[in-house]
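# A look at the structure
So you can see what is in the structure, the chains are spelled out below.
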Amino acid sequence: IRGFSARNDLYRDGQLDIGRYYRDPFDTETVEVLTGPSSVLFGRGSTGGAINSVSKKPRLDPLQSADASVGSDGLGRVTADVNAPLSTSSALRVNAMAHTSGTAGRDEVYSQRGGVSAVVALGLGTATQGTLGFVHQSDWGRPDYGAPWIDIASANQISHPAARTWTYFYGFKNDYSRDNADMATAEIRRQVNASWQARNQLRYAWFNRSFRATEPGVAPLVAPGTPEDSIFVTRTVRGVTSSESFLSDQASLS
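Below, the structure is looked at part by part. (Residues numbered from 1 in each chain as written. Predicted model: local features only at pLDDT ≥ 70, side-chain atom pairs only at ≥ 80, totals over all residues. Heavy atoms only, no water.)

## Some points on empty space enclosed by the protein
Counting across every chain of the model gives two cavities of 30 Å³ or more. Considered as a void within the structure, the largest cavity measures approximately 160 Å³ in volume. Lining of the largest cavity is provided by 16 residues; of these, D13, S55, V119, G133 and T185 occupy positions nearest its centre. Looking at the lining of the largest cavity, the elements that each hand over two or more residues are β8 (110-122), β9 (128-142), β12 (176-191) and β13 (197-217). Of all the elements, β9 adds the most residues to the lining of the largest cavity, at five residues. Class assignment for the residues of the lining of the largest cavity results in five nonpolar, six polar and five charged. (1 Å grid on protein atoms, 1.4 Å probe; cavity = no way out; pocket = protein on both sides within 12 Å on 5 of 7 lines; lining within 4 Å. Points joined across faces, edges and corners; volume = space filled by probe spheres on them. Helix = DSSP H or I, 4+ residues; strand = E, 2+ residues; numbered from the N terminus. Nonpolar A, V, L, I, M, F, W, Y, C, P; charged D, E, K, R; others polar.)

## Let's talk about the sheet that holds strand β5 (residues 63-70)
Read across the sheet, eight strands follow the order β5-β6-β7-β8-β9-β12-β13-β14 without closing on themselves; strand pairing throughout is antiparallel. The strands lining the two open edges of the sheet, one partner per strand, are β5 and β14 (234-253). The mean inter-strand angle of the sheet, taken between neighbouring strand axes irrespective of direction, is 5°. (Pairing = 2+ DSSP bridges. Axes fitted to C-alpha atoms, helices over the stretch in contact; angles between N-to-C directions.)

## Some remarks on the sheet that holds strand β4 (residues 49-55)
Taken in spatial order, the four strands line up as β2-β1-β4-β3 in an open sheet, and their pairing is mixed. Of all the strands in the sheet, just β2 (15-16) and β3 (28-35) have a single pairing partner and so form its edges. The sheet contact formed by strand β1 (residues 10-12) and β4 spans three bridges and is parallel. By the bridge assignment, Y11 is partnered in β4 with N52.

## Brief notes about the pairing of β4
In terms of burial, β4 is largely enclosed, as five of its seven residues are buried. The pairing of β3 with β4 spans seven bridges and is classified as antiparallel. When the bridges of β4 are listed, T30 appears paired with V54. (Buried < 20%, exposed > 50% of the residue type's maximum accessible area, 1.4 Å probe, protein only.)

## Side note on the layout of surface pockets
Within this model, the largest pocket holds a volume of roughly 460 Å³. Contributing elements (two or more residues each) for the lining of the largest pocket: β3, α1 (39-42), β4, β9, β12 and β13. Split by residue class, the lining of the largest pocket holds twelve nonpolar, seven polar and six charged. Its volume calculated, the second largest pocket comes out at about 360 Å³. Considering the residues around the second largest pocket, the lining is formed by 17 residues, among which Y21, Y22, D139, S177 and D179 are closest to the centre. Where the lining of the second largest pocket is concerned, the elements lending two or more residues are β8, β9, β12 and β13. It is β9 that contributes the most residues to the lining of the second largest pocket, four residues altogether.

## Considering the packing of aromatic side chains
All told, the structure shown has four aromatic pairs when counted by the stated rule. On the numbers, 5.8 Å between centres and 25° between planes, the contact of Y21 with F207 is stacked. Remark: F207 occurs in strand β13 and Y21 occurs in the loop between β2 and β3; sequence separation between them is 186 residues. There is no split in this pair, since Y21 and F207 are both buried. On the numbers, 4.8 Å between centres and 75° between planes, the contact of Y168 with Y170 is edge-to-face. Residue classification places Y168 among the partly exposed residues on the basis of a relative accessible area of 31%. Of the residues examined, Y170 reaches a relative accessible area of 11% and is grouped as buried. Aromatic ring contacts, followed pair by pair, group F134, Y204 and W206 into a single cluster. Directly above the ring of Y21 sits R23, whose terminal nitrogen or CZ lies 4.4 Å from the centroid. (Phe/Tyr/Trp six-rings, centres within 6.5 Å; stacked < 30°, edge-to-face > 60°. Lys NZ or Arg CZ within 6 Å of the ring centre and 35° of its normal.)

## Quick word on the pattern of salt bridges
The tally for this structure, following the rule as stated, stands at 17 salt bridges. For the salt bridge of R93 with D81, the shortest nitrogen-to-oxygen distance reads 2.7 Å. Here R93 is found in strand β7 (residues 90-102), whereas its partner D81 is found in strand β6 (residues 76-85), with twelve residues between them in sequence. With respect to burial, R93 and D81 carry one shared label: buried. One salt-bridge network, held together by shared partners, links E29, K56, D81 and R93. (Salt bridge = Lys/Arg side-chain N within 4 Å of Asp/Glu carboxyl O.)

Put into structure tokens, the structure is as follows:
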């Protein structure tokens, strides 16, 4: 935001979301972006601002919708959104998603993910409302560092990526990327009077991440006129496995 990274300034329903995963918008109602320093509202963060994703909530009118998309490079996507009233003051809303795609112009590279979100709300239309929700998302695929960069040791020649066909994959077929994100949230709201509302939200989230990726590289400088077929390409394997969990409670009066 404004040229600054917002990786640590991502929020879901006003509460910090620390997970490092692709946030698919299948259960997103709106996205709010606050530009500029925001520590007064959100505490320590970057200079750029903050991004808040507002999730879809249950409501008292029934809703059923589904969407399907297909496209080039193996794109396929299906989403579903169902809202079911349970009584005159309660409802259940479920969203689900499945997505698969390749990468334009690249062989052996793909990305797939699936997710489900379920939220039940009680006391809708009354002074006291409560919601209990759970969202799960899984991502898996094969990462890609692209083509190696060739630095020409001459001021008169332009450095460039390897000229070999762009579809060539320099990694290994057992390279992989796996991400799982799970989040359980409980919220209660109380309308104190016409001007004030009290709110408390409790969340427990846990994230698992694992990947292995191969980075191609060449010598720091290549002599001018060197045929690309004679340039030796190295492959550096990088990987990580991590697990994080996060428990937070947020209270507000507005």
